[in-house]
Structures are given as structure tokens and as C-alpha cells.
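One letter stands for each residue in the lines below.
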Amino acid sequence: MHKQPVGSGSAELVAVKYPNEGGYTPGDTWDLYVGKDNRVEQFVYHRGGPVKPSVVTATWAGYKKAGPLLISTDHRGTADGKPLRLFISDVSVKLTGSDAWINAQ
């Protein structure tokens, strides 16, 4: 268990670091803070290259269910120390073999 970067809570830290060469995000590190319900609660992203932002810290909240998936729709925090909010709306999924879209609720 590790102290979360935002607030006073703690969660299991799962760190993912990509190699410095190749792949989609070379040198990037993602620190995911996973709660007791196995949902990501917060994350810290460290960019491996020179493109900004270098560090993003944000919460994962506003979970909605779309079929079998849980999707975090609200992320609040900072990007290189400046306020950040990423909000996702109108989420739907279409399961393999189905013609119907399922709206997240």
C-alpha cells in the first residue's frame, strides 16, 4: 500500500515502465493507484521524452458501466503543475456479435 498522490488515502501501486526504445510510449512510466475494489483511483504519468506535459497527476472517478466494462469518465488533477480536467461523455459499447450499442450508465 502506498500513499496516493492526491488526498490522504492509500492504495496498491502498480507501476508500468515502457522501454526507452520502440513501442507506442518509449520511456513513459504510469503509476496506477488501485483501490480495494480493483479500480484505478489515481495515476501519475511521467513522459519519457521531451514533449509536454512531463508529469500528469489525476484522479480516476465517475465510473460508469457499459456492458461488462467499467469506464472512468472524470479525471481531475494537474499537468506540469497546471490544473487539468478530462471528462468523457456519451460512452457506448457494442459487444462482439451484437448490433446494439449499450450506453454507459
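Located above this text is the structure these notes cover.
Conventions and cut-offs
Residues numbered from 1 in each chain as written. Predicted model: local features only at pLDDT ≥ 70, side-chain atom pairs only at ≥ 80, totals over all residues. Heavy atoms only, no water. Salt bridge = Lys/Arg side-chain N within 4 Å of Asp/Glu carboxyl O. Buried < 20%, exposed > 50% of the residue type's maximum accessible area, 1.4 Å probe, protein only. Helix = DSSP H or I, 4+ residues; strand = E, 2+ residues; numbered from the N terminus. Polar contact = N/O pair within 3.5 Å; in protein donor to acceptor, adjacent residues only side chain to side chain. Contact = heavy atoms within 4.5 Å.

1. Quick notes on the pattern of salt bridges
Part 1 of the argument: Evaluated as defined, the whole model comprises 3 salt bridges.
Part 2 of the argument: Put simply, Asp74 and Arg76 hold a salt bridge, and the shortest N to O gap is 3.2 Å.
Part 3 of the argument: The exposure class of Asp74 is buried, given its relative accessible area of 11%.
Part 4 of the argument: For Arg76, a relative accessible area of 43% puts it in the partly exposed group.
Part 5 of the argument: When the shortest N-O distance is used, the salt bridge between Asp74 and Arg85 registers 3.0 Å. Separated by 11 residues along the polypeptide, Asp74 in strand E7 (residues 69-79) and Arg85 in strand E8 (residues 82-87) bring together distant segments of the chain.
Part 6 of the argument: A cluster of three or more residues bridged by salt bridges with shared partners is formed by Asp74, Arg76 and Arg85.

2. Quick look at the side chain of Ser72
Part 1 of the argument: The topology assignment puts Ser72 in strand E7.
Part 2 of the argument: Here Ala61 takes part through its backbone oxygen, which lies 2.9 Å from a polar atom of the side chain of Ser72.
Part 3 of the argument: The contact partners of Ser72, leaving out residues within four places of it in the chain, are Trp60, Ala61, Gly62, Tyr63 and Ile88.

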